[in-house]
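Spelled out, the chains give:
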Amino acid sequence: MAPGDRHVVAFNLARKPVDIRACYILDGVRSDYRRFGAVSYLPAGVGMHAVGREAGARMLMCRYDNAPRGPLFEKGDGIDLDRLARCVDIRNRDIVRALERIAEETRNPGSASGALISAIATALAIDLVRLTASDAAGALSEELLLLVESYCMEHIAEKPGLPEVAVLCGLSPRQLAAALKRTTGLGFSQYLASLRFRQARQLLLDTMLPIKEVAYRCGFSHVTSFTNAFREAVGMTPARYRTRRTH
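Residues numbered from 1 in each chain as written. Predicted model: local features only at pLDDT ≥ 70, side-chain atom pairs only at ≥ 80, totals over all residues. Heavy atoms only, no water.

Novice: Sorry, what's going on with the overall build of the protein chain here?
Specialist: Within the protein chain one finds 10 helices and seven strands. Scored against the burial criterion, the 247 residues of the protein chain give a buried share of 45%. At a minimum sequence separation of 6, the contacts of the protein chain that also span at least 24 residues come to 71%. Counting only carbon and sulfur atoms, one obtains 52% of the accessible surface of the protein chain, whose full area is about 12900 Å². (Helix = DSSP H or I, 4+ residues; strand = E, 2+ residues; numbered from the N terminus. Buried < 20%, exposed > 50% of the residue type's maximum accessible area, 1.4 Å probe, protein only. Contact = heavy atoms within 4.5 Å. Areas by Shrake-Rupley, 256 points an atom, 1.4 Å probe, with all protein chains shown as cover.)

Listed below in structure tokens is the structure:
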């Protein structure tokens, strides 16, 4: 992808992993290739090269003509490729949730949707600036974060615990909790909950499993507790979410 004149944030609406790795290119210099995630960012004036299989995923694209000042939104020599490389796969909860809300408003516009989307997009830009301006010391590596996510998703119905995941990573529970918090902005319990609801959304959209079965597969013992937790996290019941997305 050739350098453009706008800042672009891309969001994979399906939130499914893709077999693609990408790097940034600036003045002939490339960053390291990293796994292409559900959220990625491409600054104005920077190119991107991706390798892997075509995903065919539906994407939400947010383009900025103007953006807050900060190391992320500077052009040319002001961009640190090593720091920017983290933006191939962004996991920050505030950024992900902002894009989810923009997608929801775009699909199902309500009163003053335009103004709300504009306000969320502004907050999103600020969160991106803060993300790349923060120190990455003590954060999980891409490989360890992928290991944690893969293991937790595989055992999501069994409610994996912090100690067992820490052993898998060769870290103490305290070290893993601190590194995960620095990387994603979430504590372990919050991170696990985010994976549960990601799994729930996918099952509700991609299958016709009964909601009771969806709850079980996502680690909930009772459909009532699942419904209440899903409503609090997503803003609607699982049944309403499924119906709203299929019409």
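Novice: What is the right way to look at unusual backbone geometry in this model?
Specialist: The phi torsion of most residues other than glycine is negative, and most of the peptide bonds are trans. The phi torsion at A112 lies on the positive side, around 60°, for a residue other than glycine. Here A112 is to be found in the loop between α2 (93-107) and α3 (113-133). Although it is not a glycine, K159 sits at a positive phi angle of roughly 55°. Tracing the backbone shows K159 in the loop between α4 (142-154) and α5 (162-169).

Novice: Sorry, what's going on with the pattern of salt bridges here?
Specialist: Two side chains bearing opposite charge may form a pair once their charged atoms approach each other closely. Counted by the stated rule, this structure contains six salt bridges. A salt bridge links E100 to R97; its shortest N-O distance comes to 3.3 Å. Remark: R97 and E100 occur in helix α2; sequence separation between them is three residues, near one turn of the helix. For E100, a relative accessible area of 12% translates into the label buried. A relative accessible area of 27% means that R97 is categorised as partly exposed. A network of salt bridges, in which partner residues are shared, links R97, E100, E104 and R201. (Salt bridge = Lys/Arg side-chain N within 4 Å of Asp/Glu carboxyl O.)

Novice: How should the nonpolar core be read in this particular structure?
Specialist: Nonpolar side chains in soluble globular proteins tend to end up buried together. Membership of the largest hydrophobic core comes to 34 residues, with the highest contact counts inside it found for V9, Y24, V39, I90, I95, L99 and L124. Elements supplying a minimum of two residues to this core: β1 (7-12), β2 (20-26), β5 (39-42), β7 (59-64), α1 (81-84), α2 and α3. Setting aside its immediate chain neighbours within four residues, V39 contacts V9, A10, F11, C87, V88, D89, I90, I95, V96 and L99. (Core = buried A, V, L, I, M, F, W, Y, C linked by side-chain atoms within 4.5 Å.)

Novice: Sorry, what's going on with the packing of aromatic side chains here?
Specialist: Inspection of the entire model under this criterion finds five aromatic pairs. With a centroid separation of 5.7 Å and 55° between ring planes, the pair formed by F226 and F230 is classed as tilted. Note that F226 and F230 are positioned in helix α9 (residues 223-234) at a spacing of four residues, about one turn of the helix. Linked through ring pairs, F197, F220, F226, F230 and Y241 together constitute an aromatic cluster. (Phe/Tyr/Trp six-rings, centres within 6.5 Å; stacked < 30°, edge-to-face > 60°.)

Novice: Is there a simple way to think about the packing of α4 against α5 in this case?
Specialist: A pair of packed helices is characterised by two quantities: the angle between their axes and the separation of those axes. For the pair α4 and α5, the least separation of the axes is 10 Å and the interaxial angle reads 135°. Taken together, α4 and α5 sit at an angle that is classed as oblique. α5 is crossed by α4, and the crossing has right-handed handedness. Facing α4, whose interface residues are L144, L147, V148, Y151 and C152, α5 presents E164, V165, L168 and C169. Here the contact of α4 with α5 is built from residues that sort into eight nonpolar, no polar and one charged. (Axes fitted to C-alpha atoms, helices over the stretch in contact; angles between N-to-C directions. Parallel < 35°, antiparallel > 145°, perpendicular 65-115°, else oblique. Left-handed = near helix turned anticlockwise from the far one by under 90°. Nonpolar A, V, L, I, M, F, W, Y, C, P; charged D, E, K, R; others polar.)

Novice: What is the right way to look at the side chain of N12 in this model?
Specialist: Tracing the backbone shows N12 in strand β1. Sequence-distant contacts of N12, defined by excluding residues within four places in its chain, comprise V18, A38, A57, R58 and M59.

Novice: Even after reading the chapter, I still don't get the packing of α4 against helix α7 (residues 188-206), so can you show me in this structure?
Specialist: For the pair α4 and α7, interaxial distance at closest approach is 10 Å and the crossing angle is 60°. Taken together, the axes of α4 and α7 lie oblique to each other. The two elements α4 and α7 cross, and the hand of that crossing is right-handed. Taken together, the residues of α7 that come into contact with α4 (itself represented by L145, V148, E149, C152 and M153) are F188, Y191, L192, L195, R198 and Q199.

Novice: Even after reading the chapter, I still don't get the sheet that holds β7, so can you show me in this structure?
Specialist: Either a parallel or an antiparallel arrangement is found when strands of a sheet pair, and the pairing is made through backbone hydrogen bonds. Across the sheet, three strands lie side by side as β5-β1-β7; this open sheet has antiparallel pairing. In this open sheet, the two strands that pair with only one neighbour each are β5 and β7. Neighbour to neighbour, the strand axes of the sheet diverge by 15° on average, direction disregarded. Relative to β5, β1 is paired through four bridges, and the arrangement is antiparallel. Note on β5: the bridge partner recorded for V8 is L42. Relative to the sheet, α2 contacts β1, β5 and β7, its axis offset from that of β7 by approximately 105°. (Pairing = 2+ DSSP bridges.)

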